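# Architecture at a glance
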Amino acid sequence: MAESPRSAPVSVPPRPAAGGIAARAMAARASNLPYLTDLNPEQRAAVETLDGPVLVLAGAGTGKTRVLTTRIAHILNMGRAHPSQILAVTFTNKAAREMKERVGMMVGAVAEGMPWMGTFHSIGVKILRRHAEMVGLKSDFTILDTDDQIRVLKQLVEAEGLDDKRWPARVLAMLIDGWKNRGLTPEQVPAGEAASFGNGKGKKLYTAYQERLKTLNAADFGDLLLECIRLFRQNPDVLKQYQQRFRFILVDEYQDTNVAQYLWLRLLSQNVPSTSPQAAAQPSPLAGEGGSPEQSEGEPDEGFELADTFDMPASTDPSPAFAADAAQAPSPARGEESAQAALPSASQTHQKNICCVGDDDQSIYGWRGAEVDNILRFDHDFPGAKVVRLERNYRSTGHILAAASALIAHNEGRLGKTLRTEDELGEKVQVTGAWDSEEEARAIGEEIEQMQREARDRGEDHPLDEVAILVRASFQMREFEDRFIQLGMPYRVIGGPRFYERAEIRDALAYLRVVAQPADDLAFERIVNTPKRGLGDAALQMLHDYARKNKVPLTEAARALSATDEMKPKPRTALRTLMESFGRWAKQKETLPHNELAEIILDESGYTEMWQKDRSADAAGRLENLKELVRSMEEFENLQGFLEHISLVMDRDSADNEQAVSIMTLHSAKGLEFDTVFLPGWEEGLFPHQRSLDDQGRAGLEEERRLAHVGITRARKRAKIYFAANRRIHGLWSSNVPSRFLDELPEEHVEVKEAAGGTGGFGMSGYGPSRFDEMGSFGSTYSTPGWQRAQQRRGKGGFSDSGAPRYVPDGVFDQDSDAYADDDAASSPPPLSERGGRAQSAGRLAPKRAPLTIEGELIAKSTGASSSFKVGDRVFHQKFGNGNVVNVDGNKLTIAFDKAGEKRVVDSFVERV
DNA sequence: TCCATGGACATTTTT
DNA sequence: TGTCCATGGA
């Protein structure tokens, strides 16, 4: 594909003077590079503007990743930097991985030698480990995740004598996270803000927490950046090394950066002041060798050793400007402003080649500290910045793009882009009203099957992988899961707890952590009584007391105490046994492969057994996860390497090859695209979410609108929006007004439909408050023509072609969903979705079943080929756990679950145990 | 140690 | 409504 640098030796000359022969030669060569000719002019500008700050405003689907990766390839290919001189940061591991892969494809193995491509956090760790001592850590420090963090904080809160009911540790954790996101150390937190927690003890607790982390030789996620910033500020020479090293900086999703990340980037992106211009311009010794890329194998960072930095004066503050830090923020509520104001004026420093790519219209993480301001202010922060707008969308068809653009145009305070496409108009954005969330799910299920049927009639395929349901809040997912289980529609829920956040994984890791690092008190604490060994609070308290008195880790305290008779015999024996086990494992660590060791530990500790004995529904899944964990260890060289990576880099594996509909939140959909996107739940209160409106006012509304924009722009060919007039929230039915966003969609790009199942009686009397009763509060909002058209259709629907009426004539809503499930399959006509769907998808989904249908009428609901399950079979279901089959009806099983009671499910969702 | 009970809680999520 | 948590009794 792209020209490999092998053919062009990577050397790093000083920047060619303008007009120089080398420059002209380079330019000539660049003009016909194959990877450039594929780009549109804007993309090309973004790739080729190598010098000075560049902001690439990349709208949805405009080839953002492509620009980033091509730019890296171009830098390398032009010989402007060695791979190890490029800093490329992303937010997620996924994005980093994708970038690595794509650069690798363009440039070959050189990408392997890009040690500074990764997430903010992973690069932060890398830097911190090299200079850990300078910030009071050892280089093998542990990275704490949220769970550990809260446990530490809880202890501190209790030590302060605060009621942890009234002052929950998790709230404090959130506060501290927020402060760290804003780049605030304990001293810098605005006093009023810190005082709001724990009767004014917020600041004290934050300070104590930081101290405790140092004692534990640990850093939390926020520290990975904050401590880096502190390191840089206190050790100008360290900073200088990195400034010299990173000749090019690239940042992905710049609109999501928080203040700490911004500060971090700012520090790194300043070129070293004129004191050493040579150093700035000259390649680093290694890169200057002009060697072939292969030389970059191994550690390409010679001449950059820790030792070099140790004799630096740590006390002098390099940048007086920083001294005025955010602590004395004039506006406490937004301390970040002051933090930024404290930066040296950008014009005083020579800006380096930093390229930030982002889209202000896709900033949806304000609530977790992202500062849209960072991107809005870019050219102010980086004077002389070149701004490139990517506005040509390669993803969505015309109507979809137009609708999304019109929607986002309602936001103020944006940099403004106009997305355009040269694609056909395609389908209009469909807006469908449903009576309630169940009907919404039903209608969407049917529509998916309908699409598959139609595709099949055309001899095509509508793969389920190309269908996504994007919800605002995760509770909405349930309805779809329930429905799809009934339909036998394969689905995949994306999001939820990550693999390494699961309790069983964390427990297992804790064992490994103690073996690897006996001083890891947190890990030890976690598993000392898991599985139950009779080492309860009393025993733990004793350990703590001893450990504190003698200033030793808990494991040492345990060893000492189990040898004395201070403890009662029972816990003492238990403790001794445990400590002996740890001693044994520690020895085995030296001889056994680490995955084998892990297996031994899990078995001998009784941990595996604990779950084997557990009768709850998810026990089987947990054991499976443990196996997966052990399996995944093979990929790492040793235990340390594994532990090092797991907290930062380990992703949930989704090596799921089966075609399935994706169900996820709008937030987790960012960056993805699908042919067909369903967007349910567009109701006031849910979307835009009330809480967002209440807490953030107009800013909140705008962020919600951006979320809507993100949602629509995920779609390539079909975007289908739904709203439900009634939704059960916290068990109570509430009637909802359709989302204001619906009326912000231009009519000419929208098609208003009624729910496929018919919404008989929508808006008619009898069913509690009609939506129209509530419209007054929004005044004329819903008097738009499109909206009225939608209203007119409402009365006409019926139950004509699908599904049994779910609302009995007297207006009482039957909430027994199990009853419906039974109706569907047994007594009354099943919804349309259960007729053709199976048949058309037979090839892939369920080869053995082919219901006979004529014109959508179900003739034989029990299909010829029967299920391979028999009454009495013991089965396991992902959601409901274990149970016994009590009835078989075609592919539908009635199962008496041990925990969940009797349910009807499609047999492909269960497996025999 | 296990189980029952009651209360609080119920956006969005990465590292 | 339903889930998760802490608490307290057996």
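Residues numbered from 1 in each chain as written. Chains lettered and ligands numbered in written order. Predicted model: local features only at pLDDT ≥ 70, side-chain atom pairs only at ≥ 80, totals over all residues. Heavy atoms only, no water.

A few words on the overall build of chain A. Assigned secondary structure in chain A consists of 37 helices and 23 strands. For chain A, restricting intrachain contacts to residue pairs at least 6 apart in sequence, the fraction spanning at least 24 positions comes to 76%. (Helix = DSSP H or I, 4+ residues; strand = E, 2+ residues; numbered from the N terminus. Contact = heavy atoms within 4.5 Å.)

With that settled, consider the packing of aromatic side chains. In this structure the tally under the stated criterion is 24 aromatic pairs. Residues Trp 116 and Phe 246 carry aromatic rings whose centres are separated by 5.2 Å and whose planes lie at 75 degrees to one another, so their mutual orientation is edge-to-face. Of this pair, Trp 116 sits in the loop between helix H5 (93–107) and strand E3 (117–119) while Phe 246 sits in the loop between helix H12 (236–245) and strand E6 (248–251); the two residues are 130 residues apart in sequence, bridging distant segments of the chain. Residue Trp 116 is classed as buried on the basis of its relative accessible area of 0%. Taken together, the aromatic side chains of Tyr 511, Phe 524, Phe 582, Trp 585, Tyr 607 and Trp 611 make up a single cluster linked through ring pairs. Positioned over the ring face of Trp 116 is Lys 126, at 4.9 Å from the centre of the ring. Arg 368 extends its terminal NZ or CZ atom over the ring of Tyr 365, reaching a point 3.6 Å from the ring centre. (Phe/Tyr/Trp six-rings, centres within 6.5 Å; stacked < 30°, edge-to-face > 60°. Buried < 20%, exposed > 50% of the residue type's maximum accessible area, 1.4 Å probe, protein only. Lys NZ or Arg CZ within 6 Å of the ring centre and 35° of its normal.)

In the vicinity of DNA strand C, the contacting residues are Lys 154, Arg 478, His 730 and Gly 731. Near the protein, within 4 Å, the atoms of DNA strand C are sugar or phosphate in 46% of cases. In the model, a phosphate oxygen of DNA strand C is placed 3.0 Å from a nitrogen or oxygen of the Arg 478 side chain. His 730 has a polar backbone atom sitting 3.4 Å from a base nitrogen of DNA strand C. (Near = heavy atom within 4 Å. Polar contact = N/O pair within 3.5 Å; in protein donor to acceptor, adjacent residues only side chain to side chain.)

To continue, consider the confidence of the model for chain A. Detailed reading of the predicted model is not advised wherever pLDDT is low. Residue-level pLDDT values for chain A average 76, and 72% of them are 70 or greater. A low-confidence stretch, residues 274–349 (pLDDT under 50), is modelled with 118 contacts involving residues beyond four sequence positions or located in other chains. This model gives residues 757–865 a pLDDT under 50, and the stretch forms 203 contacts once residues within four places in sequence are excluded. (pLDDT = per-residue confidence, 0-100.)

This next bit is on the protein's contact with DNA strand B. As a matter of local geometry, DNA strand B sits amid 28 residues, with Asn 93, Arg 472, Ser 474, Lys 532 and Thr 665 nearest to it. Here a sugar or linking oxygen of DNA strand B sits 3.3 Å away from a polar atom, N or O, in the side chain of Arg 368. Thr 665 places a side-chain nitrogen or oxygen 2.6 Å from a phosphate oxygen of DNA strand B. Those elements that place two or more of their residues in the surface near DNA strand B are helix H32 (666–669) and helix H33 (690–713). In terms of residue count, H33 provides more of the surface near DNA strand B than any other element does, three residues in total. A class-by-class count of the residues in the surface near DNA strand B yields six nonpolar, 14 polar and eight charged. (Nonpolar A, V, L, I, M, F, W, Y, C, P; charged D, E, K, R; others polar.)

Think of two packed helices as two axes; the pair is described by the angle between the axes and how far apart they sit. It is the contact of helix H30 (residues 619–633) with helix H31 (residues 639–649), at a shortest axis distance of 10 Å, that shows an interaxial angle of 120 degrees. In terms of their interaxial angle, H30 and H31 are classed as oblique. Residues Leu 629, Ser 632 and Met 633 of H30 form the contact with H31, whose own contacting residues are Leu 639, Phe 642 and Ile 646. Classifying every residue of the contact of H30 with H31 gives five nonpolar, one polar and no charged. (Axes fitted to C-alpha atoms, helices over the stretch in contact; angles between N-to-C directions. Parallel < 35°, antiparallel > 145°, perpendicular 65-115°, else oblique.)

Among the five residues of strand E12 (residues 661–665), five are classified as buried, and the element is accordingly described as predominantly covered. Side chains Val 661, Ile 663 and Thr 665 of E12 all project onto a buried face; the interleaved residues Ser 662 and Met 664 project onto the opposite face, where all are buried too. With four bridges joining them, strand E10 (residues 467–471) and E12 adopt parallel strand pairing. Bridging from a neighbouring strand, Val 471 pairs with Thr 665 of E12. Of the pairings in the sheet, the one linking strand E11 (residues 491–493) to E12 comprises three bridges and is parallel in character. Residue pairing across strands places Val 493 opposite Ile 663, the latter belonging to E12. (Pairing = 2+ DSSP bridges.)

Glancing now at the nonpolar core. Counting 47 residues, the largest nonpolar core has Leu 509, Leu 512, Phe 524, Leu 543, Phe 582, Leu 629 and Phe 642 as its most contacted members. Apart from the residues within four sequence positions on either side, Phe 582 is in contact with Tyr 511, Val 514, Val 515, Phe 524, Ile 527 and Arg 559. Val 135, Leu 225, Tyr 242 and Leu 268 belong to the second largest nonpolar core, which has 46 residues in total. (Core = buried A, V, L, I, M, F, W, Y, C linked by side-chain atoms within 4.5 Å.)

As a further point, take the UniProt feature "binding site: ATP" (unreviewed entry) in chain A. Summarizing the sequence annotation, UniProt attributes the feature "binding site: ATP" (unreviewed entry) to Ala 58, Gly 59, Ala 60, Gly 61, Thr 62, Gly 63, Lys 64 and Thr 65 in the numbering used throughout. Here Ala 58 is to be found in strand E1 (residues 54–58). Leave out the neighbours within four places in its chain, and Ala 58 touches Lys 64, Val 357, Gly 358, Asp 359, Gln 362, Leu 390 and Lys 417. Examined against the element boundaries, Ala 60 turns out to sit in the loop between E1 and helix H4 (64–77). Apart from residues lying up to four places away in sequence, Ala 60 is in contact with Asp 359, Gln 362, Asn 393, Arg 395, Leu 419, Thr 713 and Arg 714. (UniProt positions renumbered as here; feature names shortened; annotations may be inferred.)

On to the sheet that holds E3, then. Overall, parallel pairing links the six strands, which are arranged E3-E2-E6-E7-E1-E8 in an open sheet. In this open sheet, the two strands that pair with only one neighbour each are E3 and strand E8 (386–390). Each strand axis lies, on average, 15 degrees off the axis of its neighbour in the sheet, ignoring direction. Strand direction decides the pairing type here: E6 and strand E7 (residues 353–358), joined by four bridges, are parallel. Note that in E7 the partner of Val 251 across the bridge is Cys 356. Contacting E1, strand E2 (86–90), E3, E6, E7 and E8, H4 runs over the sheet at an angle of about 170 degrees to E6.

Taken as a whole and judged by the stated rule, the model has 55 salt bridges. Between Lys 417 and Asp 360 there is a salt bridge; the shortest N-O distance is 3.4 Å. On the criterion of sequence distance, the pair formed by Lys 417 in the loop between helix H20 (398–408) and strand E9 (429–436) and Asp 360 in the loop between E7 and helix H18 (372–376) is long-range, its members being 57 residues apart. Here Lys 720 and Glu 447 are joined by a salt bridge, their closest N and O atoms 2.5 Å apart. Taken as a pair, Lys 720 in strand E14 (residues 715–729) and Glu 447 in helix H21 (residues 437–457) lie far apart in primary sequence, 273 residues in all. One continuous salt-bridge network, built from bridges that share partners, spans Asp 145, Asp 147, Asp 148, Arg 151, Arg 506, Asp 507, Arg 513, Asp 520 and Arg 526. (Salt bridge = Lys/Arg side-chain N within 4 Å of Asp/Glu carboxyl O.)

Buried residues dominate E10, accounting for five of its five residues. By the alternation rule, side chains of E10 split into Val 467, Ile 469 and Val 471 and Ala 468 and Leu 470, which are all buried.

Take helix H13 (residues 259–269) next. By the criterion of burial, H13 is predominantly enclosed, with 11 of the 11 residues buried. Among the residues of H13, those classed as buried are Val 259, Ala 260, Gln 261, Tyr 262, Leu 263, Trp 264, Leu 265, Arg 266, Leu 267, Leu 268 and Ser 269. One side-chain oxygen of the residue at the start of H13 lies 3.0 Å from the amide nitrogen of Ala 260, identifying that residue as Asn 258.

Another aspect to go through is the packing of H20 against H33. Look at H20 against H33: their axes get within 9 Å of each other, and the N-to-C directions meet at 175 degrees. Here H33 runs roughly antiparallel to H20, going by the angle between their axes. Counted together, Ile 400, Ala 404, Leu 407 and Ile 408 of H20 and Arg 705, Arg 706, Ala 708, His 709, Ile 712 and Thr 713 of H33 form the full contact between these two elements.

Let us look at the environment of Arg 472. Mapped onto the elements, Arg 472 comes out in the loop between E10 and helix H22 (475–487). When its relative accessible area of 17% is taken as the criterion, Arg 472 is described as buried. Spatially, the C-alpha atoms of Arg 472 and Leu 679 are 8.5 Å apart, while their sequence positions differ by 207 residues. At 2.6 Å, the side chain of Arg 472 and the side chain of Glu 704 are in polar contact.

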